[in-house]
Structures are given as structure tokens and as C-alpha cells.
Amino acid sequence: RRADSSKNASAECACTVQNTAARGQTGFAQTSTRLLGFSSELRHWAEVSLGVDETVERRHVQGRLIVAQTTRQVYGFQEGRAHWTSESLGARETVKQLQGRGHVAVVLTSDRALAFSSYTGGFFSLPWTTDERVLAIDESNDAVMLRTSARTVVFRSQSTEWVEVR
């Protein structure tokens with residue numbers, strides 16, 4: 001029995017590193033089974049397991065956060081807390097763009113915009129109206145502004161909502 005349990009433990013660890021990156025205080029490693037984020041501030045690795053047949057399609061590493069998109073979800077890592085958060089993608093939802101700067105990242109999908117902040121954690125969703133298209137994205141270290149065919153909206157790094165600018 002002891003041999004069986006050590007076999008299971010080694011089977012859980014049987015993964016290969018597929019990608020690494022670092023920027024500022026944040027480190028990232030992707031294996032075949034999980035995502036790892038490193039907080040230099042806390043000197044701690046945090047991990048999140050990927051689902052069966054879930055693959056990473058893109059990732060963006062910033063000085064204080066990481067956003068990674070898989071076939072099923074979007075994951076966000078806060079360096080200051082060494083904490084992962086995730087947001088499921090809809091069955092037919094596709095990610096069009098993933099970018100960021102400073103303390104904010106934005107994920108643009110076919111259905112919505114998702115903002116992620118290194119301060120507040122979590123993903124903050126802004127659903128698109130019918131036939132709405134993104135025309136421009138302006139970023140600063142603490143905010144992202146989207147100009148669409150229907151409106152202009154801003155997400156600030158220390159808030160928990162999108163605000164329409166008139």
C-alpha cells in the first residue's frame with residue numbers, strides 16, 4: 001500500500017514546464033497541469049490546477065499581475081496577495097484580445113470585456129450591447145478606457161466596476 005500512495009504522489013507531480021515569464025515582482029510558470037504565479041513581495045508560489053484537456057492559449061505577465069486564457073477560463077493572479085482567481089468563459093464565447101499595463105489588464109471576448117486589477121482581484125464584466133464593437137483601447141498604469149461603437153467606458157485599478165463616460 002505504501003508503494004501505491006507514493007506512486008500516486010509522483011503521478012500528481014509528473015508534469016512538464018511549458019512556459020515561463022517574469023516581469024517586475026511577478027513570476028509565471030505554466031506546466032502541463034497547472035499555472036504557477038510567484039509573488040516576490042511575499043516570496044511565495046501560488047498554483048491553480050488546470051482541468052482535464054484544458055490548455056493555455058495566451059498569457060500576459062505584468063509587474064503586479066498575470067492574466068492567462070485557457071480553452072475554458074480566464075485566470076488572474078494578484079502578485080500582492082499571491083492569489084489566483086478565475087472566470088469561466090461561455091460555451092460559445094471566444095477571447096479576441098488580452099492586454100494590460102500597470103495594475104490593470106483587460107480581456108476582450110465576443111460577449112464582454114473583463115477587467116482584472118492587481119488591487120481588487122476578481123474579474124469585472126461589461127457585457128456588450130447588440131452589434132457593439134471596440135474601436136480603441138487606451139491604457140495607463142491605473143486604468144483602461146474602451147471606446148466602442150456605442151459608448152466609452154473606464155475601469156480604474158482600485159474600483160470594482162466599469163463606469164460609462166459621457
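Source: prediction; values computed, not measured. (Residues numbered from 1 in each chain as written. Predicted model: local features only at pLDDT ≥ 70, side-chain atom pairs only at ≥ 80, totals over all residues. Heavy atoms only, no water.)

Concerning the nonpolar core
With 14 residues, the main nonpolar core has F28, L35, I66, Y75, F77 and W84 as its most contacted residues. When contributions to this core are tallied by element, the ones reaching two or more residues are β4 (44–49), β5 (56–61), β6 (65–70) and β7 (73–78). Residues contacting I66, with those up to four places away along its chain left out, are T26, G27, F28, G37, H60, V61, Y75, G76, F77, W84 and F116. Membership of the second largest hydrophobic core comes to 13 residues, among which are L126, W128, V144 and F155. (Core = buried A, V, L, I, M, F, W, Y, C linked by side-chain atoms within 4.5 Å. Buried < 20%, exposed > 50% of the residue type's maximum accessible area, 1.4 Å probe, protein only. Helix = DSSP H or I, 4+ residues; strand = E, 2+ residues; numbered from the N terminus. Contact = heavy atoms within 4.5 Å.)

Points about the sheet that holds strand β2 (residues 26–31)
Pairing is antiparallel in the open sheet, where four strands are placed in the order β1-β2-β3-β4. Edge positions in the sheet fall to β1 (17–23) and β4, since each of these pairs with one other strand and no more. The mean angle between the axes of side-by-side strands here comes to 15°, regardless of whether they run parallel or antiparallel. (Pairing = 2+ DSSP bridges. Axes fitted to C-alpha atoms, helices over the stretch in contact; angles between N-to-C directions.)

Structural notes on the pattern of salt bridges
In the structure shown here, the tally under the stated rule is seven salt bridges. One salt bridge connects R34 with E47, and the closest N-O pair in it is separated by 2.7 Å. Of the two residues, R34 sits in strand β3 (residues 34–39) while E47 sits in strand β4, which places them 13 residues apart along the sequence. On the basis of relative accessibility, which here comes to 23%, the residue R34 falls in the partly exposed class. On the accessibility criterion, E47 (47% relative accessible area) is partly exposed. Residues R151 and E132 are paired through a salt bridge, measuring 2.8 Å at the closest nitrogen-oxygen approach. With R151 in the loop between β14 (143–148) and β15 (152–156) and E132 in the loop between β12 (123–127) and β13 (134–139), the pair connects residues that are 19 residues apart, well separated along the chain. Within this structure, E41, R64 and E79 form a network of salt bridges that share partners. (Salt bridge = Lys/Arg side-chain N within 4 Å of Asp/Glu carboxyl O.)

Let's talk about the packing of aromatic side chains
Centre distance and the angle of the planes are the two values used to describe a pair of aromatic rings. A complete count under the given rule lists six aromatic pairs for this structure. Centroid distance F77 to W84: 5.1 Å. Interplanar angle 50°. Geometry classified as tilted. Here F77 and W84 have matching classes, each one buried. (Phe/Tyr/Trp six-rings, centres within 6.5 Å; stacked < 30°, edge-to-face > 60°.)

Describing the sheet that holds strand β10 (residues 104–109)
Ordered by their spatial adjacency, four strands build an open sheet running β9-β10-β11-β12, and the pairing between neighbours is antiparallel. Of all the strands in the sheet, the pair left with one neighbour each is β9 (95–101) and β12. Sheet twist, expressed as the average angle between the axes of neighbouring strands with direction ignored, equals 15°. Where β10 and strand β11 (residues 112–117) come together, five bridges link them in antiparallel fashion. When the sheet's bridge partners are listed, V106 is paired in β11 with A115.

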